[in-house]
Each structure stands twice: as structure tokens, then as C-alpha cells.
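# Coordinates in review
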Amino acid sequence: MAALLPAEWIKNWEKGGKNEFVQLCRALSENKNHDVGFRDIQQALYELAYHVVRGNLKHDQASNVLGDVIEFREDMPSILADVFCILDIETSCLEEKNKRDHFTQLVLACLYLVSDTVLKERLDPETLESLGLIKQSQQFNQKSVKIKTKLFYKQQKFNLLREENEGYAKLIAELGQDLSGNITSDLILENIKSLIGCFNLDPNRVLDIILEVYECRPEYDDFFVPLIESYMYMCEPQTLCHILGFKFKFYQDPSGETPSSLYRVAAVLLQHNLIDLEDLYVHLLPGDNAIIEEHKREIVEAKQIVRKLTMVVLSSEKTEEKEKEKEKEEEKTEKPPDNQKLGLLEALLKIGDWHHAQSIMDQMPPFYSTSHKPIAIALCQLVHVTIEPLYRRVGVPKGAKGSPVSSLPNKRAPKQAESFEELRKEVFNMLCYLGPHLSHDPILFAKVVRLGKAFMKEFQSDGSKQEDKEKMETLFSCLLSITDQVLLPSLSLMDCNACMSEELWGMFKTFPYQYRYRLYGQWKNETYNSHPLLVKVKAQTIDRAKYIMKRLTKENVKPSGRQIGKLSHSNPTILFDYILSQIQKYDNLITPVVDSLKYLTSLNYDVLAYCIIEALANPEKERMKHDDTTISSWLQSLASFCGAIFRKYPIELAGLLQYVANQLKAGKSFDLLILKEVVQKMAGIEITEEMTMEQLEAMTGGEQLKAEGGYFGQIRNTKKSSQRLKDALLDHDLALPLCLLMAQQRNGVVFQEGGEKHLKLVGKLYDQCHDTLVQFGGFLASNLSTEDYIKRVPSIDVLCNEFHTPHDAAFFLSRPMYAHHISSKYDELKKAEKGNKQQHKVHKYITSCELVMAPVHEAVISLHLPKVWDDISPQFYATFWSLTMYDLAVPHSSYDREVNKLKVQMKAIDDNQEMPPNKKKKEKERCTALQDKLLEEEKKQLEHVQRVLQRLKLEKDNWLLAKSTKNETITKFLQLCIFPRCIFSAIDAVYCAHFVELVHQQKTPNFSTLLCYDRVFSDIIYTVASCTENEASRYGRFLCCMLETVTRWHSDRVIYEKECGNYPGFLTILRATGFDGGNKADQLDYENFRHVVHKWHYKLTKASVHCLETGEYTHIRNILIVLTKILPWYPKVLNLGQALERRVHKICQEEKEKRPDLYALAMGYSGQLKSRKPFMIPENEFHHKDPPARNAVPATVQNGPGGAGMPTSLAINTVRLEEGATEETADKLKEKSQGVVKVINKTVNATPKVTTSNGNSASNSKIIKEKDDKEKSGKEKDKEKKDKTPAATPEMKALGKDGKDKPKEERANKDEKAREIKEKTPKSDKEKEKVKKEEKASKEEKSKMVVTIIESKSTAEKEREKEPSRERDLAKEIKSKENAKGGEKVPVAGSLKSPVPRSETSESEREQKRRKVDTHSSPSHSSTVKGTAVLPKVPLVSENYSSSRIISVHFLQDNLNELKDSSAKHYINHTTPTLSKSKEREVEKKDLDKSRERSREREKKDEKDRKDRKRDHSNSDREVPQDSTKRRKEENGTTGSSKHSKSESPSDSPRLNEKEKEKNKSKSSGKDKGDSIKAEKMEKSSSGSKKESRHDKEKTEKKEKRDSTGGKEEKKHHKSSDKHR
């Protein structure tokens, strides 16, 4: 800094320096800038004084100048004193003494300028002493210290009120005065200050008193808060906090209780930020650690309580101890120490300081603070206030007034919510801190729920912008969180408040079920563990539930139901979980539980649905029993409970249905059980295999008839429940997906799901899946409106090709659609034209069918390979699959039955005296209305059926195209139509049988009824074995209906002629498709039909025995089910029935211990079979009743020329032999069956060409027809007689059963007779020689006669297999043996033989009688039987068709690749392996020659004999038919082929056949003539037979029986002689 006083001035001080200095000072003091002037003057004076100290200027000169300058400024003396002060300090530090002296002199010189006091203030005491201003510096120092002490440490501030009672009294008066006037805090503050000053009041104490007064006058917030705020400017910031902390400390001893007013004051100060929460929080007790410890302790205690509740207490002492413990605990918990943090929190909430309250809550464990009721209530109140405006706007229900909540006076409280968005910001947060403790305020609970409801309404209404939508989504998720964390837990803690539950449901029902179930899941599985209180509540609920369930019975359903209801309002999840666990264990609880659940709220029902699904989906539970063959009982119980509960109460089904669909998607079909039960109970649609035929018949009628007569239980009141089920399916689009999933899952059960499972279980699951599909489809068809159905079900090709639905299921789903379509189109056309004529109507109906079905015909083409449509047309396929029983027939008897029931009911009502008249009237009206409905429905169905039949008549010509063969057509028909559908449902089974009959009755071109039936009955083993249990039952029904038709035709010639006589289905010659010669001879006549029926019965027996003997569970179970179903029509023949009975008895014994279910089935069947036994008839009555059976013979004769000369008896014998062979044990049958098939196939190829080559065939056919007519009349008489006996009708129907055994015997007798006849006929020498040889052979053979039956069988077969010529020879041999043996008879045993023993004496009598008869009848025999034995030989081709009837029957069977019997082998292998080929040929030649000669002789003799015998001996005729019958049987495959036949070389037969053909050609012409003559004779004899009395018939039967044993012996001889040869 530049010096202001230049050195020159000092040098020239006197001259000019002094003046310069004065000038300078004047200038500086006049400077306007006060601060700058002050500093410069200071500097100028300092420099002057410094020059003096240095000695440059004298002190008197300086003092003089200072004297002049001092006037320039007022503060100049003070400035000068400051300068001296600085110099004092500087000089005192200098060592140079002279400078210090100069300074002292200067100060002394200037004393007159500066006052002593100023100098005393600023100079050091030592300097003052040296100046003489004070005496002693030390004393001066002491004195100043004393003064300072007095000033600063001995102030008079009064702390205690009594020390300065007046001041404090005035202070309190100031604060306590009436503040309502114009008094402000500022005014009072001034007064307080003056009081403090005046009375020396302690300011801290004053602050404390202000707070105390504020506590007492809480209403004057607006006064006290600004007062304290202003006062705080005079204090340190911490003061207020310390004072409050000190106040809180005062109440912290154990007995102390902090007053709420203090909490409030603290809260208000916090809210106004006058103190910090952190500063105050540390002053409060208890510490945070203590709080956490207490929370943990509460949880432990809650768990202990739970454990004690679940413990089983045995003695009463323990319960007493428990009570004491409880009391102690209560005492402990009665006095919790004062928790100042919670008190402050409550106060904060009350004044609405949510921010600070939240901070305190965050310091504590979750929900710890709100678990204290006052806090919860305070928080609830805060929420009330916050939501008030929004609630008033959107939440108040119509008509409700409600009490408005006034807002908080405090402006710093949370802002009230005006919109949902604001609600989210504050209120949802508050609710989350409340948690389950919202239960303390049910009103707030209801308000929140109503707001939720209002929000959902807004949320679900469309039209908001994208941004709004996002906000709404966020809000929605917040609402779900609130529901999960607050509403549901709070409901658990409420005391059975049903209204809250209903209120909550009001909001819940707006959520999709997925959200609801998620919430219930959280509530049930997580919420109850989150809080000690909830843990206790859960335990108490379970305890109470146990108590109620133990006492629940059918009798106390109401009181128990009320208790359950009460408990369920608050804790439904826990309660239902327990109830369901009990139901799974004890299914007898289901009914009482279902009845007791009527006091639940809607929310509870929804929770119940969730709990059921959760129980079903429980992964820990096994769905199978330990044996792995049945579905677990818990699942069955739950399913049953489901059905009952969903039917009775209005519970939403969507979740359950979706669960089933999801399980199906995952390839699990167990849970279909649930769907099945639900549909059954809710819609009243039962699916059961145990339906009676009456019920089934009723099910083919209209809806009303179904409801009245089709179900086991009377279906009542299902209208509402089925509507609910329908709505659930449609609303969630589950109808079609469930159908498709079930249809696909049927195969899934087998191929995916069933891998590891027991076959029995797989079958059960398959059945369950299938039955549920049928039931569910039925429900949809009857409940969905046409539009709904058509809208949902896609076309058939889409179903099959895109959705991979099996065809049967696809048509099942589409069928109602077609029916709807057709009827609506038909109605349209009717309206369009008013033509009322029946024809017009039919025409319209057909038009509408064409319109609807044309696209279907197109669509089905893609379902199968093009090859298929060569045989059957798409139209036929679609027609078959689209029709139902309703379309084919009207169940008149069912309608009549139901109408009669109603009439009986009405009569009962009339007779009932007790019923009040008005009720009588009502009931009668109901019955009359029902009756009218039924009659109307019947009329409607009748018209419909007539229209359908009309339509079919028009369509039928295009049905079967048969571009390949009729056989192939039938194969396709069975494979693609009948078999898949007959096992689909019971009604479909009946439908299939009816449809086959209908196709026959319509005379459909290219449809062979015979082939069709033959295929169905001939080999059922494979079909039966591949069925599930229910399918077997349905297959049985199908067979039963088929058998019923067949039996009807079989029972009466008139019926047969009427229904089958001229029908193309019974053509036996399968000509090229184009040619339909209406030749009567091509038709199968009645007797042959009866043989065929017998063959079918035999085949059924064979298959049944096979299945029963496999030992396979499925085979045995299924065949027993099928047999039980077909009992009314099978077995009819005694020996077949006995064979079955033996097998079934064996099963009963074997399975009793091993497989009880098979044992039960077998026992059941066995019992029913025994009861049918009286109605069974012997085989001869079944298909060989009267002479007309001769018709059969020409058929057997067909086989070509070789047979021309052969003696009848031989032919008969061969047939008998075959049959004898068949009577093997069933075991062998099995084996044969396989071998035969190959054989048959070959013959099949050859046979179609065949018709007999016997020239006489044409004449035969005419004769036969005549005979037929005569025989019919004879038979009818016979029937009438029989009908009088009780067993008559069934016998007649079954005509075919027992046939097996008796025919065997009869065959034998016939053989004998035939032989006798031959013997009587003259023979050539060669022949005689041969006879001698044969006699020798027979003698030798007698010794071997006891050879086992098997041998006899095999030889018999071998013989059969030899050339016809040899057979003729054999016949002779047998005759000779017969003579040789006299009366020896060896019975042939066999498993299928009639078990009825016949005494030898009776046999011999019969033989004698028969021989008498035979002598007369031989010619006729020979004529009828000619050529039989030849059958085996030739690939028959005949010029005449007349006798081809039976052969064609063979073709039927053969074509069917079924197990063929010995007859088949005749066609093929005839050579015995033992003979060399050359020898065989020689033998053949000889045989042929002989047979020719014999036949000529016989013919002549026959003619004579017939004329003689015509009137007297018609018996013989009767026997002949029996023989022929046997032959037919054999040809039809009735007899089982022996094992040996398999081994014979097929290579031999073709050669032989060629040779024989040549021979036959040459012989044929001669034979033809002979045959015709014989036929004439037969005709005559038959006419005689008609006259015969019943007595005669009986005699002949007896004879036949006797003779049969003889015949058997002869067979054996026959075989043995062959061997010799």
C-alpha cells in the first residue's frame, strides 16, 4: 500500500509538511465513501504516529497536528485509540526501548485528545500502568475477571415455577387466555419475551410450558404451531427435540403410561417439520430389536397353539392343564409395556401424517404395527377420509344413503382421491400396510370392494385410449394385489360375515375365473402362513371343521349345514380342503355333505369349485389303486361329489371343464370320470351298459319317450342345471374341443397312456373315454340350438382329416347336425308350397335330404381309399352313418307301455281318497298332458319313419356297386360300417342289426344277406377278443338283435317265405353283378336256411368254447358278456348248450380264487343258462323236423358226376362220419379252425363256378319245390301240436340247437338203412366179390374196434378225403360189416355230443324199426343222396343250377375265410397219405364202375319200391331229410375238421380232381336220368308223409335215436376197412 505521508513532508514539517498533512486529513474525512475514508484516515494517523515512534518527528509536533485534525470527524478519538492500540502491541514486542519510550510520550502528549475510558478499553493493562492511568495492572486484571464472571455466569434465570411464581403465572395466563379474538402468536411472543426479560424466566422452561399448554389445548393448532415456530428462532434447533425426548423419557418407567396428548403434540410438530423423526425416534422405547424379538415370539406362540390344537388329548386332566396354561398366558399378555413408537404412529395416523407414519412402519416387521387394533383403526379411518369423494361418486349402491366422512382439518394430510388413479397412489399403499387387519373395519372393507366393483365396470367397458388402457391395466393388477394381500386375509379374520362374502363376490364375479382361482390358491396355500393371527385362525377352523364333520349325518344335515355355513363365510378354503379330504376317504359322506352346503355364499361356492379342482390335480395322489387295474376310489368319490354339487348349486363350471380339457390335452384321461358324472347329474343323460331292452327301445323314440322310459332314474328338474352346463361350454368355447379331445384320446388311451398300464385298466379308461364322449355328444345334440351346433361343428372331412377324429366319433358328432339341417330345409320347402298330399311331403323331404347330404357325400370320399368306393357308394356310407334308430322304426310297444303307465297312474289318482281335489286335478292334468305329448310324438315319428323309408327305397339302387365281388362288398360294409358302429353305443348296436335287415328288406341290389349274416356269426373270436368290456356288451347286443331276426325267419316257413323267399339277399349263386336271374332255384330254401342257422349256432359255440379255454382274461370276460347278452336266442340247441355249460362250469371252478370278477361273470351266466335249459331243443327238431328237408339233398348232390351211382346210404354215412368226427373236444376245434382256413380259401376260388353236374337236377328242383309246399303244411301242423307244450316256442325258434348230437346218431342209423337197402339191391359179380373182401376186412377190424376216438375221427376224415368212388365202395363194405357184426354198436364220444344217454335196448329197437322203413325207402334215399360223397372231389362246375342251393351255402361260408369244418376239406384233400397215388387211381376207377352199376340197379328198384310204399311208410322220408341235414351241416362247416386233415397233402387233391372230372363227365348223363326218377319218387313219398300221424313221427324219431349208435359203429368199420384197402 502506498504511503500517505511522504518522507519530504516530515523533513519539511514545519515549512509545509504540517499543512499538507492537515489538508490530507481534511480531504479524507470529507470523502463521501465512508468506509474508504475511515481506512485512509486510520492509515494516515498510524503513519504519523509511527514516524514519532521512530524518532523522525517530535511528539509535541505530532500532538499539535492531531489536535488540529481531531475535529474533522466525530469518531476521530476512537480511530486514534485504535492506532495507539496497534502501536502498543507492536512496540511491546520490540526490543528497542527508545521506540517504546517515544510511543509512551506520544500517548501522554495526546491524553487530552482521547478519553481515559477509551484508552483503558483498548490498551494493555501494563501500558496503562506506565501511562499512569491505572495504579496496578495486576489488580486491574483481577477486577475485570470478577466483572466478567458476574456478567456471564451469574445471570438471574428462574427455572422452577416456585422460584419466580409471578413471572411464570403471568406466562401461563398469557398462553391460557381466550385465543378466539384477534390475538396472534406474534403478539403473544412479544409478551413472552418481555416476561422472560422482566422475570428472568428460563427460555427452555418457557418452551416446555408452551408445549404443556398446547397439549391441553389441542384444538388451537393454528395458534401454537406458529408460536413455537417463531420461538424456535431464539433457541438452538435441537432444543425442542430434547425437551420432547425428556418428556417421553419421563413416562418410560414400567408403570408409566404416555398420555395420548403428548403423542399428538409430537405428531403435529413432526408434521410441521419442527423436529426430525430420526432425532425424536431415538428417545422412544422400546428399541427396534425388542420389537423384532416380540414379533418372532408371537409367531412361535401361534405355532405352539396350532400344535396343541392338532394334538390328540386323551385324558381330561390334560385339558384342565391346558386351560390353566391358557389363563396364565392371558394374564401375561394383558399388560404389554407401553410402546411409545406405536403411540406416536397412531397419533401421526390420526392427524393424517402418512409420510412419517409410513417411515415408522417401515422400521418394524410387516403388519406388526397394524396388528395393534388402535393403529389399524386409525389407518382405516385415514383410508375412509382419503377415499370419501371417489366412493361417494362411484361406489355408493343405488338407494343407499351412508354417512359421509368429514375430511381432516389438516392441510398437510394426504390428498383425497377423486379418481382411480389417485386411489392407486396413496390408498392402495395404505391398504397394503393394513393387510389382514382391514378386518377391524367391515364398513371400509365393503367400501373398498365396491370401489373395486366400480373400477371393474369401467375397466371392462371398451372405448378408452391406449394410454388409458395401460393405466387401467396397472390399476387392475394393483386391485388384484390388494385383493390378495388385504381383502381375502381380512375376510379370514372377520367373524363369519356373510354380507362381506357376498359383497366380495360382487367384485370377484367380474374377474375371469383364472384370476379368481389364482387368488384362492394364494389365499389357501400362502396367506395363512404369513401372519401369526392367521396361523391361529387356520388351526381353529380345522379344529371346528373336524368337530362338525364327526357329527354330520343324514339326520342332522340342517343344523350341521348351518355350522358349516358359518364357518365357511370367513375361511372357506381351509374348511373345504378338510371336507374334501374326508369325502375322498368316506364316500358315504357325499350325500349329507352336498345337502349341508346349502347355506354357503356365492363366493364360497366358487371357492369350493377351486378346491375341488385343486384336490383333483393333487400330484401326490395316485389315480390308480395298488392293483393298477382300477381307478382310485378317491377320484371316483370326488367325481361323484362334483356331479352332485354342480347340479344342486349354481357354481361356475368353466374352471372344471377347462381342467378336464387340459388333462386331455396332456394325454390323461382319468379325469373324464368327472365330466361323465357332471353331465350325468346336470343333464340327466346316463350312459350305462345295463340298459334293459325296453329302455333301449324307448331310447329310439322321441325326447319325451326317452325321458319317460329310457333312463333308470326318473330325470326331473335338469332344465336349469343343463342350461348352466350348456352356457359354461358355449361361453368358454369348450363344447367342440372337449368332444375332439375325447375322440382323439380314445386311441391315446391305448397307444400313449396305456403303455405301462394293466390291460384291464386300459380297457376301463377306454370305455370311460368313449362313454363320456357318447354322453357328452348326446348332451350337446339335445341341448344346443341348431345354430349353435352347426356353428361349432365343422364338416365331416375337416373333423376327420384336420382334427384326426376317428370316423365313428366324427359322424356321431355330425349326425344331429344333418338331422337339424334336413328338418329345417324340409320345413322351408313345406312353407314354400302348401301341397298337403303325402306324396308331396315325401318328395319335399327327399329333396331336402339331397340338398343337405350332397356335400356330405362329397366330403366322405376323402375319408377312405378310392378302392373302397368301388364296392359301396359314398351315398350309402353317408346314409348308414347319418341315420339313427329314430329314423328306421317307431317303438310302438314303448309308446303303448308308457301311455298305459300314465293311464294306470290316472286311475290310481282317481281312487286315492286322501288326495285333495285340487291336487288330483293338477296331477291328472299333468298325466293327460304327458299322454297327449307321447301320442303326438309317436304320430310325428311314424310320419318321419315313412318318409325315411321312402327315401331309402329311392336311394337303394345306387348303394352297393360291387365292382369287385359281392363278397368284397360285404367285407367293406362290415369293416367300414357295421363293426365300427355296432360297438359305439347300445342304440347303435341295435341300429346296425336293424339296418342290415332293412337293406335286405329293401331288396338292395348286390347285397347278399346270407353272406352278411354268415360273416357276422361265423368267426367272432377276433372281434370279441379285441373289444373292451363295454364294447363286448354292445357287440353282444348287436349279435342278439341279429340272432333275433335269424331266429324269427328260422321259426316259421311262412315267415321265411314272406320275408326272405324271393329276396335277392338269399340268392345262393353269386353270379356276375349284372345278371339277376329271378330263378327260384337260386334261392336258399327254408330247410337249407335252417341248416345254415344251425351251422351259425355251431360256429358261435365253437368260438365261445375257444375263448373260454384260452385262459386269457379279456377273452373270457368278453365272451361271457357277449353270451349273457345273446341268451334269449342262443343257445337253442341242447347239445351246444351243454357243451357251453361244461366250459362255463370249468371257468367257475378255475377262477374262483384267481380272478373273482371272471368268477362272478361266469356264475351269473351259468345260472341264467340253466334257467334257459328247459327251452332248449334237440338238434333234429332244430333243423331236420320234417321230410321237406330233402331239398337239402339236391344241394349236396351237386358235386358232380362222380356221385351218380353212389348208394344213398353211403353218402349219408360219409356225412355222418364227418359229423362224428366233429364231435371232438372243443380244444381240437380250436386247432382245426386255423388249418381249415387255408383249405377253404382254395375251395372258395373254385366253387363259384360250381353247380351240380347231375343231369337230373332241374327236375329235382321242381319236385323239391312241390315237396316244400307239402312239407310246409305238414310242419305247420306239427308246430301247432308242439306249441301246446310249454317249451314249444323257444324250441321252435331255436330249431337249431341240439341238433348236433342227435343228428350224429341219426346219421348212423341212416347209414345202416342205406346199407341195408344197398344190400337188397342186386349187385354185379364184381360187387359181390368186393363185398366178401370187405366182410373179411371188417372181421379183422372188429378186434381193432376199440381204437381211440381220435383215430376213428382221423380215419373218418381220411376216408372223406378220398375220392367219391372209394366212398361208394366203402358204403358197400360197411353194409357187409353191418351184417357181419349183427347189432354191435360202438358209440362215438365227443365233447359236443349230446350228453343225454340213450339205452342200448332203445337203440336196437329203433334200428329194427328203421330197417323196416329203410327197406321201403331206399330208392328215395339213393335219389336224394346221390353224389354226396363226391362233393369233396371236384372244383365243381355244373350245367344246371337247380341243386346248387346248398353248395352256394358252402361258398358263403368258404368265402368268409372263417374256420371251416370238415366239409371244407371234402372239397380239397381227399387222399389218405397212406395210399400211393397209382393205387388210388386204380381204386378210384373200380369204385366208379361199381357205383355206376349200383346206381342203375338202385334206380330201377327205387321206382318200384316208391310206388308200393307211398301210402304206408312215409317215415323213411323223414329220416332221409335228417341225413341230408347232416350232410348239409357238414357242407356248411358245422362239423369240425380233424387235426389230421391239416397234415394231408394238398398236392394230391388237384390231380385226383382232374381225373374225376373226366370220369364224371362220362357218367353224368346216366346219373341225370336216374336222379330225376328218384326225385319223382321222393315227391310221391313226401305227399304220403303229410298224412302221417304225429304218432308215426314220434316212432320214427325214436328209431333214429336207436339207430344212431349203430351208425357210429359202422363208421368205424368203414374206416378200418379203408385202412386195409
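Residues numbered from 1 in each chain as written. Predicted model: local features only at pLDDT ≥ 70, side-chain atom pairs only at ≥ 80, totals over all residues. Heavy atoms only, no water.

### Some words on the overall build of the protein
Which entries qualify depends on this criterion: By definition, any uninterrupted DSSP run of H or I lasting at least four residues is a helix, any uninterrupted run of E lasting at least two residues is a strand, and each is numbered from the N terminus. Relative accessible area decides the class of each residue, using a 1.4 Å probe on protein chains only: under 20% of the type maximum gives buried, over 50% gives exposed, and in between gives partly exposed. Two residues form a contact once any of their heavy atoms are found within 4.5 Å.
A count of helical and extended segments in the protein gives 75 helices and zero strands. Across the 1621 residues that make up the protein, the buried fraction comes to 57%. Within the protein, counting contacts between residues at least 6 apart in sequence, those at least 24 apart form 84% of the total.

### A few points about the nonpolar core
The test is simple: Think of a nonpolar core as a cluster: buried Ala, Val, Leu, Ile, Met, Phe, Trp, Tyr and Cys residues, connected wherever their side-chain atoms sit within 4.5 Å.
In terms of nonpolar packing, the biggest core is built from 318 residues, with Leu344, Phe641, Leu738 and Phe1038 touching the most fellow members. It is helix H31 (residues 602–616) that provides the largest number of residues to this core, a total of 11 residues. Sequence-distant contacts of leucine 738, that is, excluding residues within four places in its chain, are made with Leu657, Val660, Ala661, Leu664, Leu675, Leu729 and Phe776. Phe21, Ala49, Leu66 and Val107 belong to the second largest nonpolar core, which has 42 residues in total.

### A short note on the pattern of salt bridges
Convention followed: By definition, a salt bridge exists where a carboxyl oxygen of Asp or Glu is found within 4 Å of a side-chain nitrogen of Lys or Arg.
The full count for this structure, using the stated rule, is 49 salt bridges. The salt bridge involving arginine 100 is made with aspartate 88; its shortest N-O contact spans 3.0 Å. One end of the pair, arginine 100, is in helix H6 (residues 97–109); the other, aspartate 88, is in helix H5 (residues 76–93), and 12 residues separate them in sequence. Across the pair, aspartate 88 and arginine 100 agree in class, each one buried.

### Here's the deal with the side chain of asparagine 1118
By the element assignment, asparagine 1118 lies in helix H55 (residues 1113–1125). Leaving out residues up to four positions away in the same chain, asparagine 1118 has contacts with Val1024, Ala1025, Cys1027, Thr1028, Glu1029 and Ala1032.

### Thoughts on the packing of helix H11 (residues 185–199) against helix H13 (residues 221–231)
Under the convention used in this document: To get an axis, fit a line to the C-alpha atoms, keeping to the stretch in contact for a helix; angles then go from 0 to 180 degrees between the N-to-C directions. Here the word oblique covers every angle except those under 35 degrees (roughly parallel), over 145 (roughly antiparallel) and from 65 to 115 (roughly perpendicular). What makes a crossing left-handed is the near helix being turned counterclockwise from the far one by less than a right angle; a clockwise turn instead makes it right-handed. When residues are grouped by polarity, Ala, Val, Leu, Ile, Met, Phe, Trp, Tyr, Cys and Pro land in nonpolar, Asp, Glu, Lys and Arg in charged, and all others, Gly among them, in polar.
For the pair H11 and H13, interaxial distance at closest approach is 9 Å and the crossing angle is 50°. When the interaxial angle is binned, H11 and H13 end up oblique. In this structure, the crossing between H11 and H13 has a hand that is right-handed. Contact with H11, carried on its side by Ser185, Asp186, Ile188, Leu189, Ile192 and Ile196, involves Phe223, Pro226, Leu227, Ser230 and Tyr231 of H13 and no other residues of that element. In the contact of H11 with H13, the residues fall into eight nonpolar, two polar and one charged.

### So, a negative patch on the surface
Going by this rule: Only residues whose relative accessible area exceeds 30% and that form no salt bridge enter a patch; like-charged residues are grouped when within 9 Å of one another, and nonpolar side chains (Val, Leu, Ile, Met, Phe, Trp, Tyr) when within 5 Å. Surface exposure here means Shrake-Rupley accessible area, sampled with a 1.4 Å probe, where a residue is shielded only by the protein chains that are shown. The convention is simple: Lys and Arg are positive, Asp and Glu are negative, and His and the chain ends are not counted. Where a charge sits is defined by one atom per residue type, namely NZ (Lys), CZ (Arg), CG (Asp) or CD (Glu).
Where like charges cluster on the molecular surface, the negative patch consists of Glu467, Asp468, Glu470 and Glu473. Relative to the assigned elements, glutamate 467 resides in helix H24 (residues 466–493). With relative accessibility at 62%, the residue glutamate 467 sits in the exposed group.

### A closer look at helix H26 (residues 513–525)
Rule in force here: What a helix is expected to span follows from its residue count: subtract one and scale by 1.5 Å.
Its 13 residues give H26 an end-to-end C-alpha distance of 18 Å, which sits within 8% of 18 Å, the value for a rise of 1.5 Å per residue. Within H26 the residues assigned to the buried category are Tyr513, Arg516, Tyr517, Leu519, Tyr520, Gly521, Gln522, Trp523 and Lys524. Turning to H26, the residues buried within the fold contact H24, helix H25 (498–508), helix H28 (557–570), helix H29 (572–585), H31 and helix H33 (654–665).

### With respect to empty space enclosed by the protein
Let me state the cut-off plainly: Only protein atoms enter the 1 Å grid used here. Points where a 1.4 Å probe fits but cannot escape make up a cavity, open sets with protein on both sides within 12 Å along at least five of seven lines make up a pocket, and a residue lines them when an atom lies within 4 Å of a point. Grid points are joined across faces, edges and corners, and a volume is the space filled by probe spheres set on the points.
Under the defined criterion, the tally for this structure stands at 10 cavities of 30 Å³ or more. There is about 90 Å³ of room inside the largest cavity. The wall of the largest cavity is formed by Ile387, Phe420, Leu423, Val427, Phe428, Leu431, Val448, Leu451, Gly452, Phe455, Leu475 and Leu479. Those elements that place two or more of their residues in the lining of the largest cavity are helix H22 (420–434), helix H23 (442–460) and H24. With five residues, H22 is the largest single contributor of residues to the lining of the largest cavity. Per-class residue counts for the lining of the largest cavity are 11 nonpolar, one polar and no charged.

### Considerations on unusual backbone geometry
Between leucine 285 and the following residue, proline 286, the backbone shows a cis peptide bond with an omega angle of -5°. Counting through the fold element by element, proline 286 comes out in the loop between helix H16 (277–281) and helix H17 (288–310). Cis geometry marks the peptide bond from tyrosine 1130 to proline 1131, where omega comes out at 0°. By the secondary structure assignment, proline 1131 is in the loop between H55 and helix H56 (1134–1154). We note that asparagine 273 has phi near 60°; this positive angle belongs to a residue other than glycine. Asparagine 273 gets classed as exposed once you look at its relative accessible area, which sits at 54%.

### Comments concerning the packing of aromatic side chains
Rules: When the centres of two rings from Phe, Tyr and Trp lie within 6.5 Å, Trp using its six-membered ring, the rings pair. Their planes under 30 degrees apart give stacked, over 60 give edge-to-face, and anything left gives tilted.
Within this structure, the stated rule accounts for 50 aromatic pairs. On the basis of an interplanar angle of 75° and a centroid distance of 5.1 Å, the ring pair of phenylalanine 250 and tyrosine 251 is categorised as edge-to-face. Judged by relative accessible area, tyrosine 251 falls into the partly exposed class, the value being 25%. Seen in terms of ring centroids, phenylalanine 459 and phenylalanine 476 are 4.8 Å apart; in terms of plane orientation they differ by 15°. Their pairing is stacked.

### What to know about the packing of helix H32 (residues 633–648) against helix H34 (residues 672–683)
Across the interface, H32 lies against H34 with an axial gap of 8 Å and an inter-helix angle of 30°. The handedness of the crossing between H32 and H34 comes out as right-handed. Facing H32, whose interface residues are Leu635, Gln636, Ala639, Ser640, Cys642, Gly643, Ala644, Phe646 and Arg647, H34 presents Leu673, Ile674, Glu677, Val678, Lys681 and Met682. Among the residues forming the contact of H32 with H34, the class breakdown is nine nonpolar, three polar and three charged.

### Description of the environment of lysine 598
Checked against the element boundaries, lysine 598 lands in the loop between helix H30 (590–596) and H31. The class of lysine 598 is partly exposed, set by a relative accessible area of 39%. In this structure, the C-alpha to C-alpha distance between lysine 598 and isoleucine 564, residues 34 residues apart in sequence, is 9.4 Å.

### With respect to a positive patch on the surface
On the surface, Arg544, Lys550, Arg551 and Lys566 cluster together into a positively charged patch. If one sorts the elements of the positive patch by residue count, helix H27 (residues 532–551) sits on top with three residues.

### Description of the environment of tyrosine 789
Position of tyrosine 789 relative to the elements: it lies in helix H40 (residues 786–792). By relative accessible area, tyrosine 789 is classed as buried at 2%. Taking the C-alpha atoms as reference points, tyrosine 789 and histidine 820, 31 residues apart in sequence, are found 9.2 Å from one another.

### Considering the confidence of the model for the protein
Where we set the bar: Every residue carries a pLDDT, the predictor's confidence in it, which falls somewhere between 0 and 100.
Put simply, the protein has an average pLDDT of 75, and 69% of its residues get 70 or more. Segment residues 1186–1324: pLDDT under 50, and 615 contacts once partners within four positions in sequence are set aside and those in other chains are kept. Counted against residues more than four places away or in other chains, residues 1374–1477, with its pLDDT under 50, gives 478 contacts.

### Here's the deal with the environment of serine 570
Structurally, the position occupied by serine 570 is in helix H28. A sequence separation of 29 residues divides serine 570 from threonine 541, and the C-alpha atoms of the two residues are 9.3 Å apart. Other than its neighbours up to four places away in sequence, serine 570 contacts Leu491, Ser492, Met494, Asp495, Cys496, Asn497, Trp523 and Tyr528.

### Concerning a nonpolar patch on the surface
Judged by side-chain polarity, Ile147, Leu151, Phe152 and Tyr153 come together as a nonpolar surface patch covering roughly 510 Å² of accessible area. Its place among the elements puts tyrosine 153 in helix H9 (residues 137–153).

### A word on helix H15 (residues 260–271)
End to end, H15 covers 16 Å across 12 residues, agreeing with the expected 16 Å (1.5 Å per residue, within 8%). Taken across its 12 residues, H15 has nine buried, putting it largely inside the fold. Every buried residue of H15 is listed here: Leu262, Tyr263, Val265, Ala266, Ala267, Val268, Leu269, Leu270 and Gln271. Buried residues in H15 make contact with helix H12 (203–216), H13, helix H14 (238–250), H16, helix H19 (340–351) and helix H20 (354–362).

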